[in-house]
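Remarks on the overall topology
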Amino acid sequence: MQRIERLGTGIGWRPEIAEAVEAMPGIDWVEAVAENVCPGHVPDSLLRLRERGVTVVPHGVSLGLGGADRPDEGRLADLAARAETLGSPLVTEHIAFVRAGGALTASQPLEAGHLLPVPRTRDALDVLCENIRITQDALPVPLAVENIAALFSWPGEEMTEGQFLYELVERTGVHLLIDVANLHTNHVNRGEDPAKALGELPVEAIAYVHVAGGFERDGVWHDSHAHPVPRPVLDILADLASRVSPPGVLLERDENFPAPQELERELDEIRRTLTTAPAEGRTVRPPSDTASRDTGAVQDTGPTRQRLALAQAALLSALVAGTPAPEGFDRVRLKVQSRALCAKRADVVAKVAPELPEILGAAAYRPAFLSYARCRPMTDGYRRDALDFAEHLLDSGGPGDAGARRELERWWRERSGPTPPATHPGARLARAARSVLHRGRPALRSA
């Protein structure tokens, strides 16, 4: 296991708070969502932070390391390129699956648009370990993987979260990104004891820690990253800090951004929590410079992958396509998760394609999209989802307002071709002329 440099105190960099982050005192490093950073067009704010010596860590969300398929080579190459462009000391991802179906199950590919938990079983661990080794070999820097929050549990799990992570580290030498907010979420939603999980972890493998807020509704904790950090999360951070001095701690905030002064106050509270935690039981053993990865014979995970693929496809189909819940799952919790996935799709599509709420009206967009999404799974990302929604709405005779329908049809036509619409005035005039000549519309493919 390679050493990870001390990072200090950081904050999640988001475009909405870029200027505020640059002006904040005491920011040692930032984390940027890897998929939102293009190596050839790094945001100026990140470049200025790098020039000041602020470390930037790319945080991936789309690899699906816990999925049954091997990591996609193109996604791995993109992640490696971002790490090199940003001069990052490590890359992070999640212990989760984000898609299912496809070749391993001879079924329709499905996307969750969200991080979903892997079963804590031997089969899932074998697949995860191989996927992490593949990823480690493709990256120019060390990898750290994050525990996720979940609304439900898999039936028949064979290990606790701490045991699962401990064996993962032992077999691969991977670093850990421990999210204490996710430990709190799993305490509320799944009855898991955060102290027990921390006690079972190989804390010397921790690369850094996430801290974030959420909210509780009807007995379910939602890890929103859009609310202040609550006291129970800080208490778990204090417990962790009493066991080990983490190389870095980072505040996550993705939506509903408060004033910069409020973010600074939360960062100060995190620093106080770290400095006041008792250190009597703190681990002082540093991680070894040598990898502890299992270098034995490569295991044939083909049958294991297929078993995991079938289980994950059945679960994801229940969540996004309205099929029956697999045996052993809490059906009430799966319904809660399904509604949450639909709501997230609606929110992200509104950001990816802000013209849709404008064309349909804010009050009409959301119920129309939720009705569309309940039994129509996302199969190729949010931009495709936006186009499929518009196509479905037009095919079903909507929207009712003739002007909105014309505008939606124009929007769909411009974006459903092989290239995006040009912004040059001549191109816009040509499109306008074509729309005058073309009053009809051929039948759209069914959603």
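So, here is what we can say about the structure in this document. Because the structure is predicted, anything quoted here is derived from the model rather than measured.

Here is what the cut-offs are and how they apply
- Residues numbered from 1 in each chain as written.
- Predicted model: local features only at pLDDT ≥ 70, side-chain atom pairs only at ≥ 80, totals over all residues.
- Heavy atoms only, no water.
- Helix = DSSP H or I, 4+ residues; strand = E, 2+ residues; numbered from the N terminus.
- Buried < 20%, exposed > 50% of the residue type's maximum accessible area, 1.4 Å probe, protein only.
- Contact = heavy atoms within 4.5 Å.
- Expected span 1.5 Å × (residues − 1).
- Arc of directions from axis to C-beta.
- Salt bridge = Lys/Arg side-chain N within 4 Å of Asp/Glu carboxyl O.
- Pairing = 2+ DSSP bridges.
- Right-handed = clockwise from strand over helix to strand, strands pointing away.
- Axes fitted to C-alpha atoms, helices over the stretch in contact; angles between N-to-C directions.
- Parallel < 35°, antiparallel > 145°, perpendicular 65-115°, else oblique.
- Left-handed = near helix turned anticlockwise from the far one by under 90°.
- Nonpolar A, V, L, I, M, F, W, Y, C, P; charged D, E, K, R; others polar.

The helix and strand tally for the protein stands at 16 helices and 12 strands. Taking all 447 residues of the protein together, the buried fraction comes to 52%. Residue pairs in contact within the protein that sit at least 24 positions apart in sequence constitute 78% of those at least 6 positions apart.

Now for helix H13 (residues 362–373). A rise of 1.5 Å per residue sets the reference length of H13, with its 12 residues, at 16 Å; its end C-alpha atoms lie 17 Å apart and thus fit the reference within 8%. Of the positions making up H13, those classed as buried are Tyr365, Phe369, Leu370, Tyr372 and Ala373. Take H13 and look down its axis: the buried residues cluster within an arc of 160°, on one side only. In the core, the buried residues of H13 are packed alongside helix H10 (302–320), helix H11 (331–352), helix H12 (355–360) and helix H14 (381–395).

Inspection of every chain in the model, using the stated rule, returns 27 salt bridges. Here arginine 190 and glutamate 192 are joined by a salt bridge, their closest N and O atoms 3.5 Å apart. Of the residues examined, arginine 190 reaches a relative accessible area of 15% and is grouped as buried. Taking the shortest distance from any N to any O, the salt bridge between glutamate 409 and arginine 413 comes out at 3.5 Å.

Moving on to the environment of glutamate 146. Mapped onto the elements of the fold, glutamate 146 is located in strand E7 (residues 143–146). Note on glutamate 146: relative accessible area 2%, which makes it buried. In the structure, glutamate 146 is positioned 62 residues away from tyrosine 208 in sequence and 9.6 Å away in space, judged by C-alpha atoms.

The next point concerns helix H2 (residues 44–51). Every buried residue of H2 is accounted for by Ser45, Leu46 and Leu49. Buried residues in H2, looked at end-on, bunch into an arc of 100°, giving them a common side. Every exposed residue of H2 that faces more than 90 degrees away from the buried side is listed here: Asp44 and Glu51. Buried positions along H2 lie against helix H1 (18–23), strand E2 (29–33) and strand E3 (55–59). Looking one or two residues beyond H2, the residue adopting positive phi is glycine 53, at roughly 90°.

Here the focus is the pairing of strand E12 (residues 248–251). Going residue by residue along E12, you find Gly248 and Leu250 tucked away on one face and Val249 and Leu251 tucked away on the opposite face as well. Sheet topology note: the strand E1 (residues 8–12)/E12 ladder contains four bridges and is parallel. Bridging across to E12, glycine 8 finds its partner in glycine 248. Where strand E9 (residues 206–211) meets E12, three bridges bridge the pair, whose relative direction is parallel. Within the sheet, the bridge partner assigned to histidine 210 lies in E12 and is leucine 250.

The buried fraction of E2 amounts to five of the five residues, a majority that puts the element mostly inside the structure. Of the two faces of E2, both are covered, the one formed by Trp29, Glu31 and Val33 as well as the one formed by Val30 and Ala32. Inspection of the sheet shows E1 paired to E2 by three bridges, in the parallel sense. Across the sheet, the residue bridging to glycine 12 is glutamate 31, located in E2. Crossover handedness for the path E1 to H1 to E2: right-handed. One ladder, built from five bridges, connects E2 with E3; its direction is parallel. Looking at the pairing, tryptophan 29 lines up with threonine 55 of E3. In the classification by handedness, the crossover that spans E2, the intervening H2 and the parallel E3 is right-handed.

A word on the packing of helix H4 (residues 122–138) against helix H5 (residues 161–172). Here H4 crosses H5 at 40°, and the two axes come no closer than 10 Å. With respect to their mutual orientation, H4 and H5 come out oblique. In this structure, H4 meets H5 at a crossing whose hand is right-handed. Seen from H4, the contacting residues are Arg122, Leu125, Asp126, Leu128, Cys129, Ile132, Arg133 and Gln136; seen from H5, they are Phe164, Glu167, Leu168, Arg171 and Thr172. Residue composition of the contact of H4 with H5, by class: six nonpolar, two polar and five charged.

Just geometry here; none of it tells us what the structure is for.
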